[in-house]
Amino acid sequence: MTVRKRLTTPKLKTEVRAFWTDSDLYLLFVSPYDQLNLWLPADNGKDRLKLWDRDVVEFFLGDDWTDIKHYREFEIAPTGDWVDLAIDLTHDKYEADWNSGWQRLGRIDEANHTWYAAARVPLKSVSEHAVTAGTKWRANLYRIDGLGEDPQRHFMCWQPTCVVNRDPNHVPENFGTLIFTK
């Protein structure tokens, strides 16, 4: 899967590639940049909350089509800092203690002004059901970029949620569909 979202600032395009095996979903984000907004020093030995206040890629995955307010959130910063969260919007819960068992890596290529985020997500961390060709999950992909406060930063997503007066990221009714194919 390659997802590309063109904006008026072409340097901010983000490419996402994905594939899956019987046990894991793999994602690679390729993100050109002008300047990086990082939490320093890096501390990628444990969850790092508030990554969304700096440059980061995020992806949301959920398999429950009946109760769409339950899903998983994964974030990776250019430094490799990360957080994985179990989301339950029904009870306003963002469980940082939840551990998906995922593996991730961030890398900055300063010479080419591009940073990369790679993830290996165990399928069982999102769904208790076996994933086979044709399985469908709800998903959205995000990139947050830029210096300054939120009004000056860039918020990009694969499936725009088009809401006001609430967090525009956590709108599962507007997520896209990830279809597993062979």
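The preceding data block contains the structure.
Novice: When you look at the nonpolar core in this model, what are you seeing that I'm missing?
Specialist: Side chains of nonpolar character tend, in soluble globular proteins, to be buried together. The biggest cluster of nonpolar side chains holds 28 residues, and the ones touching the most others in it are Leu-25, Phe-59, Leu-61 and Trp-137. Those elements that provide at least two residues to this core are strand 2 (15–20), strand 3 (24–32), strand 4 (56–62), strand 5 (70–76), strand 6 (82–88), strand 9 (114–122) and strand 10 (136–145). Here Leu-61 is in contact with Leu-25, Tyr-71, Arg-72, Phe-74, Val-126, Trp-137, Arg-138, Ala-139 and Leu-178, once residues within four sequence places are set aside. Listed in part, the 13 residues of the second largest apolar core include Leu-51, Phe-60, Val-83 and Tyr-142.

Novice: For this particular structure, what's the right way to read the environment of Ile-144?
Specialist: Mapped onto the elements of the fold, Ile-144 is located in strand 10. Once the C-alpha coordinates of Ile-144 and Trp-52 are considered, the two residues, 92 residues apart in sequence, prove to be 6.9 Å apart. Setting aside chain neighbours within four positions, we find Ile-144 in contact with Trp-52, Arg-54, Asp-55, Val-56, Glu-58, Arg-153, His-154 and Phe-155.

Novice: What exactly am I supposed to notice about the side chain of Ser-127 here?
Specialist: With respect to the helices, strands and loops of the structure, Ser-127 is situated in the loop between strand 9 and strand 10. Overall, Ser-127 belongs to the buried group, its relative accessible area being 5%. A polar contact is formed between the side chain of Ser-127 and the side chain of Asp-63, at a distance of 2.5 Å. What Ser-127 contacts, discounting residues up to four positions off in sequence, is Asp-63 and Trp-137.

Novice: Explain the pairing of strand 6 to me, please; I cannot follow it from the model alone.
Specialist: Every other side chain in a regular strand lies on the same face of the sheet, so the side chains alternate between the two faces. Extensive coverage of strand 6 is indicated by the burial of seven of its seven residues. Here strand 6 shows a buried face lined by Trp-82, Asp-84, Ala-86 and Asp-88 and a second buried face lined by Val-83, Leu-85 and Ile-87. In terms of strand pairing, strand 5 meets strand 6 through seven bridges, oriented antiparallel. Considered in strand 6, the bridge of Glu-75 is made with Val-83. Turn length for the strand 5-strand 6 hairpin, with the two strands adjacent in sequence and antiparallel, is five residues, and the turn residue Gly-80 shows positive phi of about 95°. In this structure, strand 6 lies alongside strand 7 (residues 93–95), joined through three bridges in antiparallel fashion. Bridging from a neighbouring strand, Ala-86 pairs with Glu-95 of strand 7. Between the antiparallel neighbours strand 6 and strand 7 lie four residues, among them Asp-92 with a positive phi of about 50°.

Novice: Mind showing me how you'd approach the packing of aromatic side chains here?
Specialist: Given two aromatic rings, one states the distance between the centres and the angle between the planes to describe the pair. By the definition in use, this model includes 13 aromatic pairs. Ring geometry for Phe-19 against Tyr-26: centres 4.6 Å apart, planes inclined by 5°, an arrangement best described as stacked. Between Trp-137 and Phe-180 the ring centres are 4.9 Å apart and the planes differ by 75°, which places this aromatic pair in the edge-to-face class. Taken as a pair, Trp-137 in strand 10 and Phe-180 in the segment after strand 12 (176–179) lie far apart in primary sequence, 43 residues in all. Grouping residues by exposure puts Trp-137 and Phe-180 together as buried. Of the aromatic side chains, those joined through ring pairs into one cluster are Phe-29, Phe-59, Phe-74, Trp-82, Trp-98 and Trp-102. Against the face of Trp-39 rests Arg-54, its NZ or CZ located 3.8 Å from the ring centre. One Lys or Arg, Arg-72, reaches over the ring of Trp-98 and ends 4.5 Å from the middle of that ring.

Novice: Can you help me understand unusual backbone geometry in this one?
Specialist: Negative phi values dominate among residues other than glycine, just as trans dominates among peptide bonds. The step from Leu-40 to Pro-41 runs through a cis peptide bond, and the omega angle for that step is 0°. Relative to the elements of secondary structure, Pro-41 occurs in the loop between strand 3 and strand 4. Although it is not a glycine, Lys-50 sits at a positive phi angle of roughly 70°. Considering the arrangement of structural elements, one finds Lys-50 in the loop between strand 3 and strand 4. Judged by relative accessible area, which is 45%, Lys-50 ranks as partly exposed. Phi at His-113 takes a positive value of approximately 50°, unusual for a residue other than glycine.

Definitions and cut-offs
Residues numbered from 1 in each chain as written. Predicted model: local features only at pLDDT ≥ 70, side-chain atom pairs only at ≥ 80, totals over all residues. Heavy atoms only, no water. Core = buried A, V, L, I, M, F, W, Y, C linked by side-chain atoms within 4.5 Å. Buried < 20%, exposed > 50% of the residue type's maximum accessible area, 1.4 Å probe, protein only. Helix = DSSP H or I, 4+ residues; strand = E, 2+ residues; numbered from the N terminus. Contact = heavy atoms within 4.5 Å. Polar contact = N/O pair within 3.5 Å; in protein donor to acceptor, adjacent residues only side chain to side chain. Pairing = 2+ DSSP bridges. Phe/Tyr/Trp six-rings, centres within 6.5 Å; stacked < 30°, edge-to-face > 60°. Lys NZ or Arg CZ within 6 Å of the ring centre and 35° of its normal.

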